[in-house]
Amino acid sequence: MNIDPSVIRQVSREKDIDAEKMFGALEEAMSSAARKFYHDRAMVTLIDRQTGAMTVYSPRTVVALLDTESEEPPPQMLLDEARELIAKQGVRGEVRVLRPGAEGESASEVDDVELGDEVRVYRETMGLGRIAAQTAKQVLYQKVREAERDNIYNEYFPKVGELMSGTVKRFERGDMIVDLGKTEGIIPRDQQSRAERYGQGERIRSILFEVHRNPKGPQLVLSRTDPRLLIRFFEMEVPEIYDGTVVIKGAVRQPGERAKVAVRSRERDVDPVGACVGMRGSRVQSIMRELHGEKIDVILYSDDLITFAQNALAPAKITRVSPIHHEDGTMSLDCVVEDDQLSLAIGKKGQNVRLASALIGLKIEIKGETEVKGEVAEALTRMLQASQMRQTPLSEIPGVGGKTATKLTEAGIESLADLLDKSAEELSEIPGIGAATADKVLEAARAAEEEIRSPRSAEAEEESEEDADISEEEISEEEASGEDEAEPSQPAEETIAQE
């Protein structure tokens, strides 16, 4: 059976597929059809690239013992069977014997047979049947389709992250199918901005997010939410970014709502923020219109982390930034702002601080001045309380007797803080202190601790002192008023005496 090689090459040019792949696909299709027709899983098809002659044969390796242990044993033939087949049909016809050559040499055709030789039984290709022909058609279509998808993958995979322009073709379960010319791309629902609405036939620009080899559906995954889309728009609108004078150091987005872009200049005389914003905001407004009104903050990048954090939290004015190093090796930033700037720094639903944190790559915690002052006051109070407990001797703890205090001191417990660090079991192990005494001592220590830590204790003492002063004043006033009342009574007594 012969085919026209020029037809294969013409189809390969139309499909933009390598001609060798087309020949290989046709060989695999014919082999599949022959396997089904002859019920032999070891069928092989060869097509001469010049003449188009097609041959189908079943290869067998001559062995002394058949492989019966493998799940899928290789096509083999015993030596006696091979000699019997050659004696019956001869060689150089439907049966041929190829003997492997030395290393680097091709196999040669021989007239006899030995162990290790390959016996090929050639089959007729005509009249394979309708089912076999249908199988060949399906296999050929599948191979051509795989070759087309490989070409698409090889063409577009190096373009991941680049800007793609296409037309909205249709919608499938919320996903947007985009016609890119040679092929189709898909914008999944999670890669679409909620602020954007596109109709069928509209032009759309998106970023090439991913290229995969899935056998079904579009291979190209596009995105309208990726930060690289914002960077590509800036490269198109700002000549200084395109020529490398201004560099984008990072970009983060909350699609449809807000974005932050950090830029820096390689030349001292070029203002990177001004170059990106443009005259009266013309450049950045053009990008905002492309993103359907998404607000964009252009931020000056700085190698100094503190300065960069202050810039990233714009438009809020940051009073100070403090880096916090954690035990697990991570770091976060504590940013303090004035109380009237707190809501601006946090942003709507935490939007501003969340974008700034993503841009810097560190967790940011925003605090107001009042909150910080309260935390400082609490910390100082705790320090003073801890110091007071360290300085409180055991003898001044109500409920702890002198003998008990002496025994505790001999055991190395000298202050209220030392006593609170011990448990009842540890105290009961001290000579002369039983379990009941240990419980009473700890109870007294906790009461003393509560008295020190209670913020009402000092106030209660002040109020009691004030009450005492007031009572003394009242007593003195009463005494004074009593003396004043006694004086008028004297004239009355004198009057009675005179009478």
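Here's the deal with the layout of surface pockets
Then comes step 1: The calculated volume of the second largest pocket comes to roughly 220 Å³.
Then comes step 2: Lining the second largest pocket are Glu14, Lys15, Asp16, Arg145, Glu148, Asn151, Ile152, Glu155, Tyr156, Lys182 and Thr183.
Then comes step 3: At the level of elements, helix 1 (5-15) and helix 4 (130-156) are the ones that each hand at least two residues to the lining of the second largest pocket.
Then comes step 4: Looking at which element gives the most residues to the lining of the second largest pocket, the answer is helix 4, with 6 residues.
Then comes step 5: Residues belonging to the lining of the second largest pocket are distributed by class as follows: 2 nonpolar, 2 polar and 7 charged.

Some details on helix 9 (residues 305-312)
Then comes step 1: Those residues of helix 9 lying buried are Phe308, Ala309 and Ala312. Burial along helix 9 is one-sided: seen end-on, the buried residues are contained in an arc of 100°.
Then comes step 2: On its buried face, helix 9 is in contact with strand 13 (258-265), strand 14 (295-300), strand 15 (318-325), strand 16 (331-337) and helix 11 (351-360).

Details of the packing of aromatic side chains
Then comes step 1: In total, this model carries 4 aromatic pairs according to the counting rule given.
Then comes step 2: For the ring pair phenylalanine 37 and tyrosine 38, a centre distance of 5.0 Å and an interplane angle of 90° mean the geometry is edge-to-face.
Then comes step 3: By relative accessible area, which is 24% here, tyrosine 38 ends up partly exposed.
Then comes step 4: Geometrically, the ring pair formed by tyrosine 301 and phenylalanine 308 is edge-to-face, given 4.8 Å between the ring centres and 65° between the ring planes.
Then comes step 5: With relative accessibility at 6%, the residue phenylalanine 308 sits in the buried group.

Each value, and the rule that gives it
- Residues numbered from 1 in each chain as written.
- Predicted model: local features only at pLDDT ≥ 70, side-chain atom pairs only at ≥ 80, totals over all residues.
- Heavy atoms only, no water.
- 1 Å grid on protein atoms, 1.4 Å probe; cavity = no way out; pocket = protein on both sides within 12 Å on 5 of 7 lines; lining within 4 Å.
- Points joined across faces, edges and corners; volume = space filled by probe spheres on them.
- Helix = DSSP H or I, 4+ residues; strand = E, 2+ residues; numbered from the N terminus.
- Nonpolar A, V, L, I, M, F, W, Y, C, P; charged D, E, K, R; others polar.
- Buried < 20%, exposed > 50% of the residue type's maximum accessible area, 1.4 Å probe, protein only.
- Arc of directions from axis to C-beta.
- Contact = heavy atoms within 4.5 Å.
- Phe/Tyr/Trp six-rings, centres within 6.5 Å; stacked < 30°, edge-to-face > 60°.

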